Amino acid sequence: MSNLFRKKTIEQIKADAAIGMTDHESAGDGDAAEPHLRRNLGLFDLTMLGIAAIVGAGIFAMVGNASHDAGPAVIFLFLFSAVACGFAALCYAEFASRIPIAGSAYTYTYASMGELVAWIIGWDLIVEYAIGNIAVAISWSDYFTGLLRSYGINIPAYLTMDFLSASRKFEEGEKAVAAAVADGNTLESLRLMSSDSLSKISESLSPQLVEAYEAWTTAPTIGGMPVVLDLPALCMVILITALVYIGIRESKFTANIMTILKVVVILMVIVVGATYVRTENWSPFAPNGIKGVLGGIAGVFFAYIGFDALATTAEEAKDPHRDLPRAMILSLVICTALYIVLALVLTGMVSYTVLNVGDPLAFVFGQEGANLPWMEGIVAISAVIAIGTVFLVFQIGQPRLWMAMSRDGLLPKIFSSIHPKFKTPWFATIVTGFVVAIPALFMNLEEVTDLAVIGTLFAFVLVCAGVLIKDEEFRDDKRFVPYINSQYFLLPLLIVTLGIIYYFNPTFVGDFLSINPTEEQGTALWAFLDKIPMFFYLVMAGALLVFSFTKKLSLIPIMGLLSCGYLMTELGITNWIRFGIWLLVGLVIYFLYGVRHSKLNNRPPDDLTG
């Protein structure tokens, strides 16, 4: 059992990676001198990849819902999420500067917590990269089909919507749509109406319900079951996977061009939109208080997911020790500045009450906003490009994670096979394409988004905890993250934080101790279960406070652990249950295959130095 928690030293990880690079070398292929990945990424390229991964579906689609709940105060949620990500980014940077090996949090956890926890985080990262990319593919499809419709090109509804959404929304809106059709409206006319026009016919009507009704009732059937699938999402997955398969140079060039373009468009939105800002739209600034602000955590945090994917490109960076940490911090700072200014402009151009739309950046330049059709079109095109770059970076990250796990024996050897010509993990890339493409045809955006967020936060928590475990080892060496003694700072920071919470929500203690189920929770049992994550979080915070005095731990990883852990408590027990089931499936696979094939566990004791 102790073998399950055996760790690798940093020297072992580097040595094993070097051995793993030559495992698939083919004699006589003419390229035996370079069986490894190509080092083509400089600081600029890595920063562009970081921005490409961060600026995507989160800001182009989900910021509208978060602004609708929080009002202009959504900027505080962006700021808090950025701070939480910033602490985690510094911890990633600390490890990346010491272990410039593909594998990201999986590799770092192997060095700090041992094999079993490393497998758990490796399995968890599938949630961020592969399952997160399902959400990105679905969101891209929505923008792409909307763009085509603006040019008069209409793809049948049953080929542009996932099966789950069509089924659920058809059941929800069947009676309302059928009644509207019976009153003389056609499906075509209903589909062209805005949400306001539909609400005048029936308060329960919305564009999403009309689209689902059309998809479900016009789809061909097999065995009585409608064939509804998201075809544009499938096409995009195939195209990007092919690009990633061909090589990192081609992927780098494509990502750089697309990222520069989307940043220019966001700057245009800010500059042009600022001239249409009406300050009265910023009042009230926080209409729903702190609860409204925190209610948008999943969507806003999803806008920050991606910077950690840079760590998976360590073996393709020219100088990973120097450039990876810098690129992570630079991309996070640049995106945070863009997000906050953009959120202020959006909520200043129109009232937060009408921002509950799927394309908020285009919406504010439509008829209900600035009424600039040319700008609305530019934003729609840039959204398609922006979301595509996010998909590209995540699709680069997942195969390299599997490659690292395969080198350690936790996955079959073929996952670490490098293409002799393209120098990419070819088999892992193909598998990633299938893992994303098939669920994207049928899965719902909301479920995969929430699962991706909780999986990412879990990875951040473990990386921060890993730095704490390695604290003494790192303390005597040249550190990327400066050591700050938490003994003097943690308690005052916690007191200030509690004071701020009390100021904005003076009933928070009573709310936590009482069991008052909301309409969404339904029963007292679910209301109680929803409080369990917060209970464990408070226990963890208390333990860290004690250790800050007794162990004099470094402050930055503690703050990363506390801030990311708190965000996890806000995601609801339903997401925790789904995530728990996902991890249990991963453990079953580990004990059926990984533990028996692990190179570390099968290594003679004399060879183990960790």
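This text follows the structure it describes.
Report on the accompanying structure. (Residues numbered from 1 in each chain as written. Predicted model: local features only at pLDDT ≥ 70, side-chain atom pairs only at ≥ 80, totals over all residues. Heavy atoms only, no water.)

**Some thoughts on the packing of helix α12 (residues 248–274) against helix α15 (residues 320–349)**
Operational definition: Note on geometry: axes are lines fitted to C-alpha atoms, helical ones only across the stretch in contact, with angles between N-to-C directions running from 0 to 180 degrees. The helix count covers DSSP runs of H or I at least four residues long, the strand count covers runs of E at least two residues long, and both are numbered beginning at the N terminus. Put simply, angles under 35 degrees are roughly parallel, angles over 145 are roughly antiparallel, angles from 65 to 115 are roughly perpendicular, and the rest are oblique. With the far helix as reference, a near helix turned anticlockwise by less than a right angle produces a left-handed crossing, and one turned clockwise produces a right-handed crossing. Should any heavy atoms of two residues lie within 4.5 Å, those residues are counted as being in contact.
Across the interface, α12 lies against α15 with an axial gap of 9 Å and an inter-helix angle of 40°. Between α12 and α15, the crossing angle belongs to the class labelled oblique. The chirality of how α12 crosses α15 is left-handed. In this structure, α12 contributes I266, L267, V269, I270, G273 and A274 to the contact, and α15 contributes L338, V341, L342, V345 and M349.

**Things to note about the pattern of salt bridges**
Using the following cut-off: Criterion for a salt bridge: a side-chain nitrogen of Lys or Arg within 4 Å of a carboxyl oxygen of Asp or Glu. The buried label applies to any residue whose accessible area, calculated with a 1.4 Å probe on protein chains only, is under 20% of its type's maximum; exposed applies above 50%, and partly exposed to all values in between.
Considering all chains together, one arrives at three salt bridges under this definition. E94 is the salt-bridge partner of R98, the closest N and O atoms lying 2.9 Å from each other. With R98 and E94 both in helix α4 (residues 74–98) and four residues apart, the pair spans about one turn of that helix. D319 is paired through a salt bridge with R322; the nearest N and O atoms lie 3.8 Å apart. Judged by relative accessible area, R322 falls into the partly exposed class, the value being 39%.

**A few points about helix α24 (residues 532–550)**
Cut-off, in case you're wondering: Expected helix span is given by 1.5 Å per residue-to-residue step, counting one fewer step than there are residues. Note that the arc is defined by the directions from the helix axis to the C-beta atoms.
With 19 residues, α24 should reach 27 Å at 1.5 Å per residue; the first-to-last C-alpha distance of 27 Å fits that figure. For α24, every residue scored as buried is listed here: P533, M534, Y537, A541, L544 and S548. Buried residues of α24, seen end-on, are gathered within an arc of 90° and therefore sit on one face of the element. Turned more than 90 degrees from where α24 packs its buried face, F536 and T550 sit exposed. Following α24 by one or two positions, K552 adopts a phi angle in the positive range, close to 55°.

**As for the packing of helix α2 (residues 43–54) against helix α17 (residues 373–407)**
The relative placement of two packed helices comes down to the angle between their axes together with the axis-to-axis distance. The test is simple: Three classes are used: nonpolar for Ala, Val, Leu, Ile, Met, Phe, Trp, Tyr, Cys and Pro, charged for Asp, Glu, Lys and Arg, and polar for all others, with Gly counted as polar.
Where α2 meets α17, the axes come as close as 7 Å, and the angle between the chain directions of the two elements is 115°. Crossing of α2 against α17: the hand is left-handed. In this structure, α2 contributes L49, A52 and A53 to the contact, and α17 contributes A386, T389, V390, V393 and F394. Of the residues assigned to the contact of α2 with α17, the class counts are seven nonpolar, one polar and no charged.

**Overview of the environment of M405**
Structurally, M405 is set in helix α17. M405 sits in the buried class, given a relative accessible area of 1%. On a C-alpha basis, the gap between M405 and W119 in space is 8.0 Å, while along the polypeptide they are 286 residues apart. When near neighbours in sequence (up to four residues on either side) are disregarded, M405 contacts Y106, W119, G122, W123, L410 and L411.

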